[in-house]
Amino acid sequence: MRAMVYRGPYKLRVEEKDLPTIEHPNDAIVRVTLAAICGSDLHLYHGLMPDTRIGHTFGHEFIGVVEQVGPSVENLQVGDRVMVPFNIFCGTCWFCARGLYSNCHNVNPNATAVGGIYGYSHTTGGYDGGQAEYVRVPFADVGPVRIPDWMSDEDAVLLTDAVPTGYFGAQLGEIVEGDVVVVFGAGIVGLVAARSAWLMGAGRVIVVDHLEYRLETARSWAKAETFNFAEYDDIVVEMKKTTGHLGADVAIDAVGAEADGNLLMHLSGVKFKLQGGSPIALNWAIDSVRKGGTVSVVGAYGPIPNMVKFGDALNKGLTLRMNQTPVKRQWPRLFEHVRNGHLTPSELVTHRFPLEHVAEGYHVFSAKLDGVIKPLVVPGAA
Amino acid sequence: MAYTPQKPPLPETTEQLKARIPFWGVDLDPADRPSVPKLQWQEDLSGAHWEVPDQQPERHGPRERSIEHASITPVFGTAQPLHGVSGAIRRHAYARFSEARLAHWLLLIAGDRVEATGAHLRSFATLRPDNPVTETGVLAEAGAHPVASRRGRVDARHQTIDPVLVAGPWVAGAAVTWLGLRRVVRAVRR
Ligand SMILES: NC(=O)c1ccc[n+]([C@@H]2O[C@H](COP(=O)([O-])OP(=O)(O)OC[C@H]3O[C@@H](n4cnc5c(N)ncnc54)[C@H](O)[C@@H]3O)[C@@H](O)[C@H]2O)c1
Ligand SMILES: [Zn+2]
Ligand SMILES: [Zn+2]
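Trainee: Help me understand the overall build of chain A in this model?
Mentor: Helices and strands together make up the secondary structure of chain A, namely 12 helices and 17 strands. A compact globule built from 382 residues would reach a C-alpha radius of gyration of about 21 Å, and chain A, at 20 Å, matches this within 12%. Dimensions of chain A, computed from the C-alpha atoms along their principal axes, are close to 60 × 40 × 40 Å. By residue count, 72% of the 382 residues in chain A fall in the buried class. Long-range pairs, those at least 24 residues apart, make up 71% of the contacts in chain A between residues at least 6 apart in sequence.

Structure (structure tokens):
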């Protein structure tokens, strides 16, 4: 089969690979019909995630058709069109039984601090991902669901990670009616978080980024106010000025490890890997929120320690909430929101790259060229 | 200016927000949101029909694992089993240091770089040597408005470092190879 493979930092290519096989009785093999590149994939692409092996196939956002099922699979049949949450999870460990699907303890031998994720290095279990023609889907009775008839392929693939994560970001902010919410990052995760903040009754939603075209989408699609941090000497001071010098009630970090805005943090965290990524957006969130407020973190960081302003968080009495998103737990509500148009994720798809051109897709998305917000990857369409 | 008990006024009233944003407030109740409360017993076990999952066989020899786990997990990835020098480094990182130790992660990163270098060198002995031009995807620049796309952004400064970081080792490698070859040729001629 054809599959994207990693060749070292900033380098990847498409190769012929063996078809995945059933390794466990509850495995399925899925033929991928549509995949996406996520902001998280950029952390792997830039060599930020320890134990990313040469030959690894990335891709944790994908939908497809069940091609083969293991002997114990009961809930899926060959031919079913399925959407697969980016989390690999067992359903029955202490964590899964309580709904922490992203923190499953039965699927990742390589680390206990993170669950299993498709195509996301050996630090998340060593599973090849879905930017390929076929993929192995473990615990096929637990993770995937059949795509409802009314749902478009674009919406389905965006529901495997980006949309639940944006909504989850707003939800972790514990927003109550009238809250001032500031969202750092206007990628698809931040945009969905901003729009979700309105669903939860925010009184004011502010989005911060330095990419003007994305801030434009934040105004039109997420109906938010925007601040371009490139235009200000110190964005934290601006956040104070605009909130009567109290700070926002809730701040959401939807940027993560690749954050820009402080050269020292970016070079040490992203280019030279001395920290698990640049924590500058997280620090801005901590400093922009009011005392007693909540900081929600969905931006992803690596396992190496970061220079986070923990003293400020303590002195301000903040609540910090964060996790990888337990996607399937978010689904029932999000299916409703997509169906009735409260969330319209497919409007954020800007690019479709044939699998054979996936290297170009990564470059365009990584360098933020050509107005890109969400790039999809289409197998077999070259 | 003294700070007072009142929250500073919002720019829009609830009525104005409802008029401007049709979906405002549809998930108003914090208790009625998905994954609330965080820990919540899942009666259906998300479709699992077992309590103890079957154990996946280890087909590629003993699988490396975090020493914070009791044993190998019932399911695990089988992509890219450990091999060679990078495999030895990584295996040591897993066997010796828990995830709590920085050495664990630094060794894994060292293993990554060793493996990448070896893979590039080995690729030159194949019909498909690594090609930093096609593999970095920079050819997409041509159709992607490279200049206009970068206007007014703060990352333009360090984006110029990327080509140096990516191409630097290749240029250095080529220079070393060329110098070495020249030496060999001269020695042979002498
Ligand atoms: N928790 C999870 O389960 C989960 C799931 C998906 C993605 N993520 C993470 O969410 C983050 C965003 O993902 P995405 O797909 O939207 O990525 P993206 O790369 O498209 O967006 C990131 C945005 O942040 C902006 N940015 C950079 N520095 C900033 C700063 N200091 N302040 C404000 N904005 C800044 C960038 O310009 C960009 O627009 C990533 O870190 C990703 O790994 C987490
Ligand atoms: Zn993702
Ligand atoms: Zn589990």
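Trainee: Any chance you could explain the packing of helix 2 (residues 84–96) of chain B against helix 3 (residues 102–123) of chain B here in plain terms?
Mentor: Two packed helices can be described by the angle between their axes and the distance between those axes. All names here are of chain B. Packing of helix 2 against helix 3 brings their axes to within 8 Å, and their N-to-C directions diverge by 170 degrees. Overall, the two elements helix 2 and helix 3 adopt an arrangement that is roughly antiparallel. Contacts between helix 2 and helix 3 involve Val85, Ser86, Ile89, Arg90, His92, Ala93 and Tyr94 from the first element and His104, Leu107, Leu108, Gly111, Asp112, Val114 and Glu115 from the second. Looking at the contact of helix 2 with helix 3, its residues break down into 7 nonpolar, 4 polar and 3 charged.

Trainee: Is there a simple way to think about the coordination of the zinc ion (ligand 3) in this case?
Mentor: For a metal bound by four donors in a tetrahedral arrangement, the ideal donor-metal-donor angle is 109.5 degrees, while six donors in an octahedral arrangement ideally sit at 90 or 180 degrees. All names here are of chain A. For the zinc ion (ligand 3), every protein donor is listed as Cys90 (SG), Cys93 (SG), Cys96 (SG) and Cys104 (SG), and the spread of their distances is 2.3 to 2.4 Å. Between consecutive donors of the zinc ion (ligand 3), the numbers of intervening residues give the motif C-x2-C-x2-C-x7-C. Of this pair, Cys90 sits in the loop between strand 6 (87–88) and helix 2 (94–97) while Cys104 sits in the loop between helix 2 and strand 7 (116–117), and the two are 14 residues apart along the sequence. Its relative accessible area of 2% is what places Cys104 among the buried residues.

Trainee: Looking at this structure, how should I read the interface of chain B and chain A?
Mentor: You'll often see interface size given as the accessible area lost when the parts meet. Contacts between the two partners involve 100 residues from chain B and, on the opposite side, 116 residues from chain A. Both sides of the chain B and chain A interface together cover about 8800 Å² of buried area, and 56% of this is carbon and sulfur. The tally of links from chain B across to chain A stands at 9 salt bridges. Across the pair Arg333 of chain A and Asp27 of chain B runs a salt bridge, and its minimum N-O distance is 2.9 Å. Inspection of the region where chain B meets chain A yields 76 residue pairs in polar contact (both at pLDDT 80 or more). Sorting the residues of the side of chain B that touches chain A by element identifies helix 1 (14–20), helix 2, helix 3, helix 4 (132–135), helix 6 (156–159) and helix 7 (161–189) of chain B as the ones contributing at least two each.

Trainee: What is the right way to read the pattern of salt bridges from this model?
Mentor: Any two side chains of opposite charge can pair, given that their charged atoms come close. Scanning the model with the defined rule gives 34 salt bridges over all chains in all. Close ionic contact of Arg31 of chain A with Glu67 of chain A constitutes a salt bridge, the shortest N to O distance being 3.6 Å. Linking Arg31 of chain A in strand 3 (residues 28–36) with Glu67 of chain A in strand 4 (residues 61–69), this pair joins segments that are 36 residues apart in sequence. Connected through salt bridges with shared partners, the residues Asp51 and Arg53 of chain A together with Arg63, Glu64, Arg90, Asp112 and Glu115 of chain B form a single ionic network.

Trainee: Is there a simple way to think about a nonpolar patch on the surface in this case?
Mentor: A grouping of Leu246 of chain A together with Met1 and Tyr3 of chain B is seen on the molecular surface, where their side chains present a nonpolar patch of about 400 Å² in accessible area. On the secondary structure map, Tyr3 of chain B appears in the segment before helix 1. Classification of Tyr3 of chain B by relative accessible area gives exposed; the value is 55%.

Trainee: I would appreciate a short explanation of the packing of aromatic side chains in the present structure.
Mentor: Between two aromatic rings, the relevant description is the distance of the centres plus the angle of the planes. All names here are of chain A. Enumeration over the complete set of coordinates arrives at 12 aromatic pairs over all chains. Between Phe62 and Tyr118 the ring centres are 5.2 Å apart and the planes differ by 90 degrees, which places this aromatic pair in the edge-to-face class. Placement of the pair is Phe62 in strand 4 and Tyr118 in the loop between strand 7 and strand 8 (134–137), with a sequence separation of 56 residues. According to the relative accessible area criterion, Phe62 is buried, its value standing at 0%. Tyr118 gets classed as buried once you look at its relative accessible area, which sits at 2%. Centre to centre, the rings of Phe229 and Trp284 are 4.9 Å apart; their planes meet at 70 degrees, and the pair counts as edge-to-face. Of this pair, Phe229 sits in the loop between strand 12 (225–228) and helix 7 (235–241) while Trp284 sits in helix 9 (residues 280–288), placing them 55 residues apart in sequence. Assigned by exposure class, Phe229 and Trp284 land together as buried. Stacked on the ring of Trp94, the Lys or Arg Arg98 has its end atom at 4.1 Å from the ring centre. Seen from the ring of Phe365, Lys368 lies directly overhead, with NZ or CZ sitting 4.3 Å from the centre.

Criteria and cut-off values
- Residues numbered from 1 in each chain as written.
- Chains lettered and ligands numbered in written order.
- Predicted model: local features only at pLDDT ≥ 70, side-chain atom pairs only at ≥ 80, totals over all residues.
- Heavy atoms only, no water.
- Helix = DSSP H or I, 4+ residues; strand = E, 2+ residues; numbered from the N terminus.
- Rg over C-alpha atoms; globule rule 2.2 N^0.38 Å.
- Buried < 20%, exposed > 50% of the residue type's maximum accessible area, 1.4 Å probe, protein only.
- Contact = heavy atoms within 4.5 Å.
- Axes fitted to C-alpha atoms, helices over the stretch in contact; angles between N-to-C directions.
- Parallel < 35°, antiparallel > 145°, perpendicular 65-115°, else oblique.
- Nonpolar A, V, L, I, M, F, W, Y, C, P; charged D, E, K, R; others polar.
- Donors = N, O, S within 2.8 Å, 3.2 Å for Na, K, Ca; no water.
- Buried area = accessible area lost by both parts, 1.4 Å probe.
- Salt bridge = Lys/Arg side-chain N within 4 Å of Asp/Glu carboxyl O.
- Polar contact = N/O pair within 3.5 Å; in protein donor to acceptor, adjacent residues only side chain to side chain.
- Patch = residues over 30% accessible without salt bridge, like charges linked within 9 Å, V, L, I, M, F, W, Y side chains within 5 Å.
- Areas by Shrake-Rupley, 256 points an atom, 1.4 Å probe, with all protein chains shown as cover.
- Phe/Tyr/Trp six-rings, centres within 6.5 Å; stacked < 30°, edge-to-face > 60°.
- Lys NZ or Arg CZ within 6 Å of the ring centre and 35° of its normal.

That is the geometry; function is a separate question.
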